[in-house]
Amino acid sequence: MRTAIVGGGLGGLTLARILHRHGIDATVYEREADRSARPQGGSLDLHPESGQRALADAGLAGRFRSAARPEGEEHRILDPMGRTLVHHEPRPGSFSGRPEIDRSALRDLLLDSLPADTVVWGRRLVAAVPRPGGGWELTFHGGHRTGCDILIGADGARSVVRPLLTDVPLHSVATLVELTVEDVDRRRPDLAELVGPGNLWCVGVNRILAAQRLGDGSLRVGISLRADDRPVDSYRSKRALLDGFDGWDPRLTALVEAGDGAPVPRPIEAMPTGTRWTGRPGVTLIGDAAHLMPPVGEGANQAMLDAAVLAGRLAVAPADPHAAIRTYEEEMFARTSPIADMSARVQAMMLSPTAAADIVRFFTPRPAEPAPAD
């Protein structure tokens, strides 16, 4: 069986790695020209039950521990006046929680674990057509063509493979504007101290100003705003952004002012919660292509777990990949539907007028129920 994985993100690479460990060859087609073609974003926390489990299946748990930053799990939430609402500090050196790792470091870890010819760079899929005898004919930008028996869409929010299974529409949930502060310890030690080794959220009315420490010594600053009819390009000016933070503590708005270059805005979209499709032989989806949800900490983890589950099913039933795919899909639907629902509720809570109070309640442990009297 010739297996094609479209998309060389974390989900697609995890799938290729676990299949390789089971002796199943797969080719990853990635639209980027090479691994250094663009920045890979900030860091993410890998959850024990999903992302870390997938890396264990991939035989990469040890290398993950070497590259991860458990201190990056520290998390502080402030109000616009700079008052601390929540402060979570992990146990020093502990990997028992959700240690952070830069996306670029995790992607490199996965790439380095694969045979050199697994990823074909510069291949942007434009069409997939079923072949009369089964399988798929793939056409890429520039006219290159190839065939496969099994097609797996790991190609993200704007998946080209997804329409083969469902025409579900995406809907806007927020606008995210990003900036970067390079070499923060030397250039802006005040901001380095403000953010600390992990994540900082400054929660206001209908908006969040966040910052995240990366392993390369930079800060990734993100401004989350409620989705509206305002053109995305109107957020490319620092001045326009800062107008939305009038009255905030200047120590916080300094995160925007210190950004290198112009702000980079993008719309954040999601698929409807509970999206399913009727199975089709020889094709399936993983990650954002299958269940795009608001970015509140589950997307990459669920993509990697999708990869582990699908690879496991294909390895158990190599003679009947179509049955393996159907089993994977039913498991994936059942697992991700409540997670997508939770993510949608958390996203709405974070950008609400009462976000600060709601988030404090969300992160405050509830007192234990008293034991019933005998």
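Located above this text is the structure these notes cover.
In this report, we go over the structure that sits alongside the text. Bear in mind the structure is a predicted one, so any value in this text is a computation, not a measurement. (Residues numbered from 1 in each chain as written. Predicted model: local features only at pLDDT ≥ 70, side-chain atom pairs only at ≥ 80, totals over all residues. Heavy atoms only, no water.)

### Overview of the side chain of Asp102
Phase 1: In this structure, Asp102 sits in strand β6 (residues 100-102).
Phase 2: For Asp102, a relative accessible area of 11% gives the class buried.
Phase 3: In this structure the side chain of Asp102 is engaged in a polar contact, spanning 2.9 Å, whose partner is the backbone nitrogen of Gly215.
Phase 4: The residues touching Asp102, leaving out its near neighbours within four places in the chain, are Gly42, Ser43, Arg69, Leu214, Gly215 and Asp216. (Helix = DSSP H or I, 4+ residues; strand = E, 2+ residues; numbered from the N terminus. Buried < 20%, exposed > 50% of the residue type's maximum accessible area, 1.4 Å probe, protein only. Polar contact = N/O pair within 3.5 Å; in protein donor to acceptor, adjacent residues only side chain to side chain. Contact = heavy atoms within 4.5 Å.)

### Re the pattern of salt bridges
Phase 1: Scanning the model with the defined rule gives 23 salt bridges in all.
Phase 2: One salt bridge connects Arg69 with Asp102, and the closest N-O pair in it is separated by 3.0 Å. Of this pair, Arg69 sits in the loop between α3 (61-67) and β4 (75-78) while Asp102 sits in strand β6, and the two are 33 residues apart along the sequence. Asp102 carries the same exposure label as Arg69, and that label is buried.
Phase 3: For the salt bridge of Asp358 with Arg361, the shortest nitrogen-to-oxygen distance reads 2.4 Å. Taken together, the positions of Asp358 and Arg361, both in helix α12 (residues 355-363) and three residues apart, correspond to about one turn of that helix.
Phase 4: It is possible to trace a salt-bridge network through shared partners that takes in Arg2, Arg131 and Asp149. (Salt bridge = Lys/Arg side-chain N within 4 Å of Asp/Glu carboxyl O.)

### Digging into the side chain of Arg76
Phase 1: With respect to the helices and strands, Arg76 occurs in strand β4.
Phase 2: Despite its burial, Arg76 remains without a salt bridge, the nearest opposite charge being carried by Glu74 at 4.7 Å.
Phase 3: Once residues within four sequence positions are removed from consideration, Arg76 is found in contact with Thr84, Val86, His87, Glu193, Leu194, Val195, Asn199, Leu200 and Trp201. (Lys, Arg positive; Asp, Glu negative; His and termini not counted.)

### Looking at the pairing of strand β8 (residues 125-130)
Phase 1: Summarising the sheet, β8 and strand β9 (residues 136-140) pair through five bridges and their orientation is antiparallel. In the sheet register, Pro130 faces β9, and the bridge partner there is Trp136.
Phase 2: The antiparallel pairing of β8 with β9 creates a hairpin that spans five residues between the two strands, and Gly134 there sits at a positive phi of about 105°. (Pairing = 2+ DSSP bridges.)

### Some points on the sheet that holds β9
Phase 1: In space, the three strands of this open sheet follow the order β8-β9-β10, with antiparallel pairing throughout. Two strands in the sheet have a free side with no partner beyond their single neighbour: β8 and β10 (145-148). Averaged over all neighbouring strand pairs, the angle between strand axes comes to 25°, with direction disregarded.
Phase 2: Across four bridges, β9 lies against β10 in antiparallel orientation. Bridge pairing in β10 links Leu138 to Thr146. (Axes fitted to C-alpha atoms, helices over the stretch in contact; angles between N-to-C directions.)

### A closer look at the packing of aromatic side chains
Phase 1: Applying the stated criterion across every chain, the model contains three aromatic pairs.
Phase 2: Seen from their ring centres, Tyr29 and Phe140 are 4.9 Å apart, and the 40° between their planes marks the pair as tilted. Highlighted residues: Tyr29 in strand β2 (residues 26-29) and Phe140 in strand β9, separated in sequence by 111 residues.
Phase 3: Take Tyr29: its relative accessible area is 10%, and that puts it in the buried class.
Phase 4: Between Trp277 and Phe333, the ring centres sit 4.9 Å apart and the planes meet at 85°, which makes this aromatic pair edge-to-face. (Phe/Tyr/Trp six-rings, centres within 6.5 Å; stacked < 30°, edge-to-face > 60°.)

### A short note on the sheet that holds strand β16 (residues 264-270)
Phase 1: Within the open sheet, the seven strands sit side by side as β5-β4-β13-β14-β15-β12-β16. Their pairing is mixed. Either end of the sheet is taken by a strand with one partner, and the two such strands are β5 (84-88) and β16. Ignoring strand direction, the axes of neighbouring strands in this sheet form an average angle of 20°.
Phase 2: Bridge analysis of strand β12 (residues 171-181) against strand β15 (residues 219-226) gives eight bridges, and the strand direction is antiparallel. In the sheet register, Glu178 faces β15, and the bridge partner there is Gly222.
Phase 3: Running over the sheet, helix α8 (residues 250-257) touches β4, β12, β13 (199-203), β14 (207-213) and β15 and is turned about 70° from β14.

The values are spatial; any link to function lies outside them.
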